[in-house]
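Fold and geometry: a report
Take a look at the letters that make up each chain.
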Amino acid sequence: MGNNIWKLNGLTYEQPVVVILDNNQTVTLTNCHFNGGMIVISPFATDARQGNSNLVHLKKGTTIGGGSQGAYPHLGLVAPGGKLKSDNDPPSITGFTLVKDVDLYKYGTIQGQMVILNYCKNLQDCEVTYLPAVGDNLPPCFSFGTPAGYTDILAWAELFD
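So, a few notes on the structure that sits alongside this text.

Turning to the overall build of the protein, a few remarks are in order. Along the protein, the regular secondary structure elements total one helix and 12 strands. Of all 161 residues assigned to the protein, the portion counted as buried reaches 40%. A sequence separation of at least 24 residues applies to 42% of the contacts in the protein between residues at least 6 apart.

In structure tokens:
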């Protein structure tokens with residue numbers, strides 16, 4: 001996806017990692033361990049239900065979140081303009097996670113709370129665990145709720161192939 005690919009390999013950070021991507025760029029993480037979480041900023045205008053997005057590609061056992069020394073203890077992957085993808089090597093995301101799309105995320109774990117703004121397809125052979133400590137202690141810039149006091153689910157489907 002996109003012509004420009006950022007390749008990060010074998011990096012470990014306890015603090016949050018911030019990556020700024022232009023329109024339709026890809027960041028590939030190979031054997032990276034971002035214990036303080038990761039934020040992918042997409043400074044282009046996007047609609048969460050259509051249009052362009054970036055790709056966050058996790059490879060070779062990359063882990064995001066779960067550390068205790070980051071700027072915020074419950075930060076996972078925040079990429080509101082990004083599509084999440086992985087290879088067959090099990091990745092792990094722990095903490096509050098927000099992505100635009102999930103497409104082909106396999107054999108991984110997701111622990112905490114995950115919000116997918118648009119669609120999720122090909123989430124295969126994964127372990128997804130809600131952690132109340134994450135859901136009850138969101139990062140300060142996130143909150144869920146509406147003035148009317150309820151949330152509508154616009155669409156939901158499961159495909160069993």
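Still more ground to cover, so stick around.
Once that is clear, we can look at the side chain of Gln25. Topologically, Gln25 is positioned in the loop between strand 3 (17–20) and strand 4 (26–30). Side chain to side chain, Gln25 and Trp6 meet in a polar contact 3.4 Å long.

Bringing the nonpolar core into the picture now. Ranked by size, the top nonpolar core spans 20 residues in total, and within it Leu29, Met38, Leu58, Leu77 and Leu84 carry the most contacts. Listed by contribution, the elements that provide at least two residues to this core are strand 3, strand 4, strand 6 (38–41), strand 7 (54–59), strand 9 (75–86) and strand 10 (92–106). For this core, the element with the highest residue contribution is strand 10, accounting for four residues. With residues up to four places along the chain from it excluded, the contact list for Leu58 reads Leu29, Ile64, Leu84, Lys85, Ser86, Asp87, Pro91, Ile93 and Tyr105.

Criteria and cut-off values
- Residues numbered from 1 in each chain as written.
- Predicted model: local features only at pLDDT ≥ 70, side-chain atom pairs only at ≥ 80, totals over all residues.
- Heavy atoms only, no water.
- Helix = DSSP H or I, 4+ residues; strand = E, 2+ residues; numbered from the N terminus.
- Buried < 20%, exposed > 50% of the residue type's maximum accessible area, 1.4 Å probe, protein only.
- Contact = heavy atoms within 4.5 Å.
- Polar contact = N/O pair within 3.5 Å; in protein donor to acceptor, adjacent residues only side chain to side chain.
- Core = buried A, V, L, I, M, F, W, Y, C linked by side-chain atoms within 4.5 Å.

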